[in-house]
Amino acid sequence: VYQVFENVAKKYDVMNDSMTLGIHRVWKDILVHKMNPCPGTLLLDVAGGTGDIAFRFINYVHSVRQRQLQRKLRQHQNLSWQEIFESYQNDKFNNSLGDSQVVVCDINREMLKVGKQKAQHLGYSEGLSWVLGNAEELPFDDDKFDVYTIAFGIRNVTRIDLALQEAYRVLKPGGRFLCLEFSHVSNPLLSRLYDLYSFQVIPVLGEVIAGDWRSYQYLVESIRQFPPQEELKAMIEDAGFFRVDYENLNFGIVAIHSGFKL
């Protein structure tokens, strides 16, 4: 698995767009909106090497923070222009994310390298850090994070149960677990069409775009071997999470599972 992502890291974003016709961007947006992070949130994004969830998190929190600042300024109608300007500038530049932080943890150095390059190119630096680590043995203290996310990564860990236990361990009491992953389509006709596309088209795209048929053949097979929605829900509950549920997107092509540590 490590070698697969070592091979595809540089073409990972292009292939995601090609394989999903760009819809993966909408799925990730939905994940972050479902998270609905507020300023001050400490997020751990596991298997997030290319930064897609991290950048969305920063954008979302920044937007919330800007709305808070605007409401604050409207409440100070009697301040002078200079006082308003100074207050706005201090809040904007000294605390534009409201002390929010996102830690991106990935086992693959090449994926992290790609993510760091994207962050530099897009201008992300504040509230963002990168850590090399294994989802099954996270290099973090207990009860540390407010939210744990893993997007299109959990099916690639060797022991899903261990990854879920680690997610539970590093979350604070009241913390939330969110998993976005390819899942199982319930509609028989759509399922057949999806299988045809997955096994006949995606490996060809992998060869044409990334020069790597075998890695994308593996990715397709890993999706089919991944537990269906209800089974994954039960595994998350077995790890100790409460109020576990899931939301199917695009007829179950992907699903977002959610749970809380109480």
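Predicted model, so just to flag it, every value in this text is computed and none were measured.

A. Expanded view of the packing of aromatic side chains. Considering all chains together, one arrives at nine aromatic pairs under this definition. With a centroid separation of 4.8 Å and 40° between ring planes, the pair formed by Phe 152 and Phe 182 is classed as tilted. Placement of the pair is Phe 152 in the loop between strand 4 (145-151) and helix 7 (160-170) and Phe 182 in strand 5 (residues 171-182), with a sequence separation of 30 residues. When the ring of Phe 177 is compared with that of Phe 241, the centres are 5.2 Å apart and the planes differ by 35°; the resulting orientation is tilted. Placement of Phe 177 in strand 5 and of Phe 241 in the loop between helix 11 (229-238) and strand 6 (242-249) is noted, with a sequence separation of 64 residues between them. Among the residues examined, Phe 241 registers a relative accessible area of 3% and is labelled buried. In this structure an aromatic cluster arises from ring pairing among Tyr 148, Tyr 168, Phe 177 and Phe 241.

B. Inspection of the pairing of strand 5 at higher detail. Counted residue by residue, strand 5 has nine buried out of 12 residues, so it is predominantly covered. Relative to strand 5, strand 4 is paired through six bridges, and the arrangement is parallel. When the sheet's bridge partners are listed, Ile 150 is paired in strand 5 with Cys 179. The β-α-β motif built from strand 4, the intervening helix 7 and the parallel element strand 5 has right-handed crossover chirality. In the sheet, strand 5 pairs with strand 7 (residues 254-260) via seven bridges, with the strands oriented antiparallel. Note on strand 7: the bridge partner recorded for Cys 179 is His 257.

C. Spatial organisation of the pattern of salt bridges. Tallied over the full model, the rule gives 12 salt bridges. In this structure, Glu 247 engages Lys 34 in a salt bridge whose closest nitrogen and oxygen atoms are separated by 3.3 Å. With a gap of 213 residues between them, Glu 247 in strand 6 and Lys 34 in helix 3 (residues 23-35) connect regions that are remote in the sequence. The salt bridge involving Asp 146 is made with Lys 172; its shortest N-O contact spans 3.3 Å. Within this pair, whereas Asp 146 is found in strand 4, its partner Lys 172 is found in strand 5, the two being separated by 26 residues in sequence. Overall, Asp 146 belongs to the partly exposed group, its relative accessible area being 23%. For Lys 172, a relative accessible area of 30% puts it in the partly exposed group. Bridged by salt links that share partners, the residues Lys 28, Asp 52 and Lys 118 form one connected network.

Reading guide: rules and limits
- Residues numbered from 1 in each chain as written.
- Predicted model: local features only at pLDDT ≥ 70, side-chain atom pairs only at ≥ 80, totals over all residues.
- Heavy atoms only, no water.
- Phe/Tyr/Trp six-rings, centres within 6.5 Å; stacked < 30°, edge-to-face > 60°.
- Helix = DSSP H or I, 4+ residues; strand = E, 2+ residues; numbered from the N terminus.
- Buried < 20%, exposed > 50% of the residue type's maximum accessible area, 1.4 Å probe, protein only.
- Pairing = 2+ DSSP bridges.
- Right-handed = clockwise from strand over helix to strand, strands pointing away.
- Salt bridge = Lys/Arg side-chain N within 4 Å of Asp/Glu carboxyl O.

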